[in-house]
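Examining the three-dimensional arrangement
Given next are the chains, with one letter for each unit.
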Amino acid sequence: MRPRSTRYLLALLAATLLACSAPSSPTVTPQPLPTAISSRSEADGISSRSEADGISSRSEAVGTAPVLEEVASPSQAGTTREPTPQPTAESTPVPPATPTPTARPEPGDPFALLSLESLFATLEDLTAIQPHSGWRNSASQGEVEALDYVAGRLAGMPYLKAAGLEVERQELDVFLAAELHDSRLYVTVDGAEREVPADGLRGPRDDVVQATRFDSDGALDDLDADPVIAAGPAVLVRTLKELDAAGDLRGDVVFLDYAIIDRSIMDTGEAVSRAAAVVGKGPAGIVLVTAFSNEPGESHGAFVGDGSALTWVEQGPVVPSLSVRLEDLQAVGIEGWDDLRSVEAARLVWDADLLAPGRSGNLVARIPGADPSRAVILGAHIDSPNSPGAMDDGSGSAILLEVARVLDEAYVQPPTDLYLAWFGSEELSLYGSGHFVATHQELLDRTVAMLQVDCLSRPLDGVPAELKLVSWPYGRLGDERLPWPDFLAGVAARYGVEVVTEGVYGVYSDNSS
């Protein structure tokens, strides 16, 4: 993430904190909700989005900004702790404890404790989970490890624990889950075989029959090691003309320029038709090759690991398939597409299991407020679309942890109950947040605001960021106002950041649940 993007990161984090606070003051009391929304018992979802060429970022909420009640101040304002893995927290709520401060020094300022270094350290930790083995893929071991990481971080926050921090772990079923155990690619150049980083493909989300094509043993609901090895001469295909001229590819490993079947730059039906043509030629293996681009209309690898055109190819042989970034081939002397033609042979190792149903989970942390009759929920989804997921949604997950960290180090109690929710399996269709809503009616009845942070800024260098605060308004019932997005826009303006508010009648992220 580049310096321009970091400004947006701090601004949105500031807005997130202000969702449950106002500027510090020695005397603080909870403030009433604005008249326009004070009668609403439900939390309207709002989502903050930064878009570029089909890549989106999201966030959300409703209500007003209560004022922080400051109990004490940190001993060293401005210092930060580098995120480090902590012991896994219990899956049951932490017993509440009431702090008994004996002194009331000058109030601490949580905003002064915001730290880019801390945020980026958290992102590095999250993106290092299960590398090239599903990452934080929905309903996977990586998702479990990510929730364990969050729980461990929260367990290391002494003030919040003393103030009554409760941590709840939920488990839930999803229709289809994928465990990508082993995804390895070996290439032979100048007679020497070397390994390069590669990733498996997740497969469908809602088609059990089609899912068997993405399970290495062709049978669902087992987690046994059953790797498939595919090897053969390497054939590079970069254009449709080259594909037509390739003829029979049986026994070969096809290195396919992902742009040929990238459904983000063409109609999905066309992309699937082209992918079927590749599969129909019977190759021993397929390697989808992505390349970096920040140009509108060019392929940049979108959906390659979760939702590529191969997902909907129903006919022809089951072909072991992986993806690789062209940039990662530099380690073996391949600097570009022309050098890729020097690959003499390739060997794929593919081991994946699909489960129906699969198991996912949520982690919900409650920070008790001065007024427990009201609550604010801050949300993010912990899973990624079979990728490192720094943006989607490591960014939101890191922001929630940063909110907890600065409240802990500033010794600040929010005026209302504050819930931090890391949802699982958002990528599969909001499973985690749907389960959360179905099991927390009492909380929803007293919730005045919900802010979902999903995809902050964008991953493409050189593309200007645009922050969108998106809400599903009551326009179809005659009320098109966006009071909460408009409020947050005012907050952002105070930090020199321009945002766009927008009413969208559709699902964005977990706020929609």
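Residues numbered from 1 in each chain as written. Predicted model: local features only at pLDDT ≥ 70, side-chain atom pairs only at ≥ 80, totals over all residues. Heavy atoms only, no water.

**Things to note about the overall build of the chain**
Heads up, the condition is: The helix count covers DSSP runs of H or I at least four residues long, the strand count covers runs of E at least two residues long, and both are numbered beginning at the N terminus. Exposure is judged per residue with a 1.4 Å probe applied to protein chains only, and the accessible area is read against the type maximum: over 50% gives exposed, under 20% gives buried, and values in between give partly exposed. Contacts between residues were defined by any pair of non-hydrogen atoms, one from each residue, lying within 4.5 Å. Reported accessibility uses the Shrake-Rupley method at a 1.4 Å probe radius. Residues are deemed covered only where the shown protein chains occlude them.
Helix and strand counts for the chain stand at 12 helices and 18 strands. Residue burial in the chain is summarised as follows: out of 513 residues, 58% are buried. For the chain, restricting intrachain contacts to residue pairs at least 6 apart in sequence, the fraction spanning at least 24 positions comes to 84%. Surface summary for the chain: the accessible area is close to 20,000 Å², and the carbon and sulfur share equals 52%.

**Section: the environment of Ala380**
Counting through the fold element by element, Ala380 comes out in strand β13 (residues 371–381). The class for Ala380 is buried, based on a relative accessible area of 0%. Once you skip the residues sitting within four places of it in the chain, Ala380 turns out to touch Asp393, Gly396, Ser397, Leu400, Ala421, Trp422, Phe423, Gln452, Val453 and Asp510.

**Regarding unusual backbone geometry**
Here the amide bond leading from Ala356 into Pro357 is cis, since omega sits at 0°, within 30 degrees of zero. Relative to the helices and strands, Pro357 resides in the loop between β11 (345–355) and β12 (358–367). Cis geometry marks the peptide bond from Asp392 to Asp393; its omega dihedral reads -5°. Considering the arrangement of structural elements, one finds Asp393 in helix α9 (residues 390–410). At Ser429, a position not held by glycine, the phi torsion is positive, near 115°. Residue classification places Ser429 among the exposed residues on the basis of a relative accessible area of 55%. The phi dihedral of Cys455 is positive, around 70°, even though this residue is not glycine. Inspection of the secondary structure assignment puts Cys455 in the loop between β16 (447–452) and β17 (467–471).

**A short note on the packing of helix α2 (residues 116–127) against helix α3 (residues 141–155)**
To keep things clear, this is the line we draw: All axes here are fitted lines through C-alpha atoms, helices being fitted over the stretch that makes contact, and every angle between N-to-C directions spans 0 to 180 degrees. Should the near helix be turned counterclockwise from the far one by less than a right angle, the crossing is left-handed, whereas a clockwise turn marks it as right-handed.
Contact pair α2 / α3: the axes reach a minimum separation of 10 Å and the direction vectors enclose 145°. As α2 runs across α3, the sense of the crossing is right-handed. Along the contact surface, α2 presents Thr122, Asp125 and Leu126, while α3 presents Ala146, Tyr149 and Arg153.

**Description of the nonpolar core**
Note the following rule: Only buried residues count toward a nonpolar core, which is a set of Ala, Val, Leu, Ile, Met, Phe, Trp, Tyr and Cys residues joined through side-chain atoms within 4.5 Å.
Core analysis: the largest hydrophobic core is formed by 52 residues, its most contacted members being Leu154, Leu420 and Trp422. With 9 residues, the single largest contributor to this core is α9. If near-sequence neighbours (up to four positions away) are discounted, Leu154 is found in contact with Lys161, Leu165, Val167, Leu363, Ala365, Leu401, Ala404 and Trp422. Counting residues in hydrophobic clusters, the runner-up holds 27 residues, among them Leu256, Ile260, Met266 and Ala271.

**Focus on the packing of aromatic side chains**
Which entries qualify depends on this criterion: Aromatic rings from Phe, Tyr and Trp, with only the six-membered ring used for Trp, were paired whenever their centres fell within 6.5 Å, and each pair was classed as stacked if the ring planes differed by under 30 degrees, edge-to-face if by over 60, and tilted otherwise.
One pass over the structure, following the stated rule, counts 4 aromatic pairs. A centroid spacing of 5.5 Å and a plane angle of 65° characterise the contact between Phe423 and Phe436, whose relative ring orientation is edge-to-face. Within this pair, whereas Phe423 is found in strand β15 (residues 416–423), its partner Phe436 is found in helix α10 (residues 431–438), the two being separated by 13 residues in sequence. For Phe423, a relative accessible area of 1% translates into the label buried.

**Let's talk about the environment of Pro368**
Its location among the elements puts Pro368 in the loop between β12 and β13. Its relative accessible area of 13% is what places Pro368 among the buried residues. Taking the C-alpha atoms as reference, Pro368 lies 8.6 Å from Pro415; in sequence the two are 47 residues apart. Leaving out residues up to four positions away in the same chain, Pro368 has contacts with Ala163, Gly164, Leu165, Gln413, Pro414 and Asp417.

**Things to note about the packing of α2 against α9**
What counts is decided by this rule: What sets the label is the angle itself: under 35 degrees gives roughly parallel, over 145 gives roughly antiparallel, 65 to 115 gives roughly perpendicular, and the rest give oblique. Residue classes follow a fixed rule: Ala, Val, Leu, Ile, Met, Phe, Trp, Tyr, Cys and Pro count as nonpolar, while Asp, Glu, Lys and Arg count as charged, and any other residue, Gly among them, counts as polar.
Remark: α2 packs on α9, axes separated minimally by 9 Å, with the N-to-C direction vectors making an angle of 130°. With respect to α9, the axis of α2 lies oblique. Between α2 and α9 lies a crossing of right-handed hand. Where α2 abuts α9, its residues Ser118, Leu119, Thr122, Leu123, Leu126 and Thr127 lie against Ala390, Gly394, Ser395, Ser397, Ala398, Ile399, Leu401, Glu402 and Arg405. Its residues placed into classes, the contact of α2 with α9 shows 7 nonpolar, 6 polar and 2 charged.

**Some thoughts on the pairing of strand β8 (residues 253–257)**
Stated precisely, the cut-off is as follows: When DSSP locates at least two bridges between a pair of strands, those strands are taken to pair.
Of all 5 residues making up β8, 5 are buried, and the element is well covered by its neighbours. Burial along β8 is two-sided: the face carrying Val253, Phe255 and Asp257 and the face carrying Val254 and Leu256 are both buried. Inspection of the sheet shows β8 paired to strand β9 (residues 285–290) by 5 bridges, in the parallel sense. Each bridged residue has a counterpart across the sheet, and for Val253 the counterpart in β9 is Gly285.

**Focus on the pattern of salt bridges**
Filter applied, for reference: Here, a salt bridge means any Lys or Arg side-chain nitrogen found within 4 Å of an Asp or Glu carboxyl oxygen.
Summed over the entire model, instances satisfying the criterion amount to 20 salt bridges. With a closest N to O distance of 3.1 Å, Asp417 and Arg366 form a salt bridge. Separated by 51 residues along the polypeptide, Asp417 in strand β15 and Arg366 in strand β12 bring together distant segments of the chain. Under the relative-accessibility criterion, Arg366 is labelled buried at 16%. Through salt bridges that share partners, Glu166, Arg366, Asp417, Glu442 and Arg446 make up one connected network.

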